[in-house]
Amino acid sequence: MPDATEPRLHIPENILSGPASTVRVPVLLDPAGARVSGLAFPINFDQSCLALDYTDDNGDGVPNGIQFTTQPGFRGSVSVRPDDPNTELIFVLADYSPPIATLTAGPVVTMTFTTRCTPAPGQRIYAPVRFAELPRSSFGNPDGRNVPGGVLGGGVLLGDTPVVEPTAMPTSSPTALPT
């Protein structure tokens, strides 16, 4: 785990989804004040519960199920290895044209999965989406040097019914509820 001054990539935990639906899973960057202009990271996901659309309808070299979400000037590429049980996707993201820009906090890539597991009634299934150990994730600065950083994986929580999270709604006065 990186310290608070090191950049970090992370995938949110417990992204809620239902069976036979689509779910968007972002990879988020927190640069923590570091100047990060390049990233390389491998992703491994639970292929028994999550399916990614590997087709490339527009011929840009990026599967339909993947969207790079950084600011302009950055180019992303992905190496697809759907038959590898340890690393299905290897991402590289960088600004290749001087002046080299730095990445801002937020999503750098979003993967859209179709869920393929159906939990038993009243149960949930956790489908991990993690950073693989090899090749190692890396961060680079505008000078082409490595920047120490870390990664933290997450995953999708599949339920048999949609989950509605309660939200607080401000009211100007108490509301009477019928009994």
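Residues numbered from 1 in each chain as written. Predicted model: local features only at pLDDT ≥ 70, side-chain atom pairs only at ≥ 80, totals over all residues. Heavy atoms only, no water.

### Digging into the state of the cysteines
Phase 1 of the analysis: One pass over the structure, following the stated rule, counts one disulfide.
Phase 2 of the analysis: Here Cys49 engages in a disulfide with Cys117; their sulfurs sit 1.8 Å apart. Since a negative S-S torsion denotes a left-handed disulfide, the Cys49-Cys117 link at about -90° is left-handed. Here the residue Cys49 occupies a position in the loop between strand S4 (38–45) and strand S5 (50–52), and Cys117 occupies one in the loop between strand S9 (106–115) and strand S10 (124–131), the gap between them amounting to 68 residues. (Disulfide = S-S within 2.5 Å. Helix = DSSP H or I, 4+ residues; strand = E, 2+ residues; numbered from the N terminus.)

### With respect to the nonpolar core
Generally speaking, soluble globular proteins have nonpolar side chains that are buried together.
Phase 1 of the analysis: Formed by 35 residues in total, the largest nonpolar core has its most connected members in Val27, Phe41, Ile43 and Met111.
Phase 2 of the analysis: For Val27, the residues in contact, after removing those within four places along its chain, are Leu9, His10, Ile11, Phe41, Ile43, Gly106, Pro107, Val108, Val109, Met111 and Phe131. (Core = buried A, V, L, I, M, F, W, Y, C linked by side-chain atoms within 4.5 Å. Buried < 20%, exposed > 50% of the residue type's maximum accessible area, 1.4 Å probe, protein only. Contact = heavy atoms within 4.5 Å.)

### Points about the pairing of strand S14 (residues 154–159)
Phase 1 of the analysis: A large share of S14 lies buried, amounting to six of its six residues.
Phase 2 of the analysis: By the bridge criterion, three bridges tie strand S2 (residues 15–17) to S14 in an arrangement that is parallel. If you follow Ser17 over to S14, its bridge partner there is Leu158.
Phase 3 of the analysis: Note that S10 and S14 share six bridges and pair antiparallel. In the strand pairing of S14, Val129 is matched with Gly154. (Pairing = 2+ DSSP bridges.)

### Describing the pattern of salt bridges
Phase 1 of the analysis: Evaluated as defined, the whole model comprises two salt bridges.
Phase 2 of the analysis: One salt bridge connects Glu13 with Arg130, and the closest N-O pair in it is separated by 3.4 Å. Residue Glu13 is located in the loop between strand S1 (8–10) and S2, and its partner Arg130 is located in strand S10; the two are separated by 117 residues in the primary sequence.
Phase 3 of the analysis: Residue classification places Glu13 among the partly exposed positions, given a relative accessible area of 44%.
Phase 4 of the analysis: Accessibility expressed as a relative area gives 32% for Arg130, which makes it partly exposed.
Phase 5 of the analysis: Here Asp84 and Arg81 are joined by a salt bridge, their closest N and O atoms 2.5 Å apart. (Salt bridge = Lys/Arg side-chain N within 4 Å of Asp/Glu carboxyl O.)

### Quick notes on unusual backbone geometry
Phase 1 of the analysis: With an omega dihedral of -5°, the bond running from Pro98 to Pro99 counts as a cis peptide bond.
Phase 2 of the analysis: Checked against the element boundaries, Pro99 lands in the loop between strand S8 (89–94) and S9.
Phase 3 of the analysis: With a phi angle near 55°, Asn14 is a residue other than glycine that sits in the positive phi range.
Phase 4 of the analysis: Within the secondary structure, Asn14 sits in the loop between S1 and S2.
Phase 5 of the analysis: With relative accessibility at 40%, the residue Asn14 sits in the partly exposed group.
Phase 6 of the analysis: Residue Ala32 is not a glycine yet carries a positive backbone phi of 50°.
Phase 7 of the analysis: With respect to the secondary-structure elements, Ala32 resides in the loop between strand S3 (22–30) and S4.

### As for the packing of aromatic side chains
Phase 1 of the analysis: For the structure shown, the criterion picks out four aromatic pairs.
Phase 2 of the analysis: Plain terms: the ring middles of Phe41 and Phe91 are 5.1 Å apart, the flat faces sit at 25° to each other, and that makes the pair stacked. One end of the pair, Phe41, is in strand S4; the other, Phe91, is in strand S8, with 50 residues separating them in the sequence. Of the two residues, Phe41 and Phe91, both sit in the buried class.
Phase 3 of the analysis: Ring centres 6.0 Å apart and planes at 80° place the aromatic pair Phe68 and Phe91 in the edge-to-face group. (Phe/Tyr/Trp six-rings, centres within 6.5 Å; stacked < 30°, edge-to-face > 60°.)

### A short note on the pairing of S9
Phase 1 of the analysis: Within S9, seven of the ten residues are buried, leaving the element largely enclosed by the surrounding structure.
Phase 2 of the analysis: Summarising the sheet, S3 and S9 pair through eight bridges and their orientation is antiparallel. Considered in S9, the bridge of Val23 is made with Phe113.
Phase 3 of the analysis: With three bridges joining them, S5 and S9 adopt antiparallel strand pairing. When the sheet's bridge partners are listed, Leu52 is paired in S9 with Phe113.
Phase 4 of the analysis: In this structure, strand S6 (residues 66–68) lies alongside S9, joined through three bridges in antiparallel fashion. Each bridged residue has a counterpart across the sheet, and for Ile66 the counterpart in S9 is Met111.

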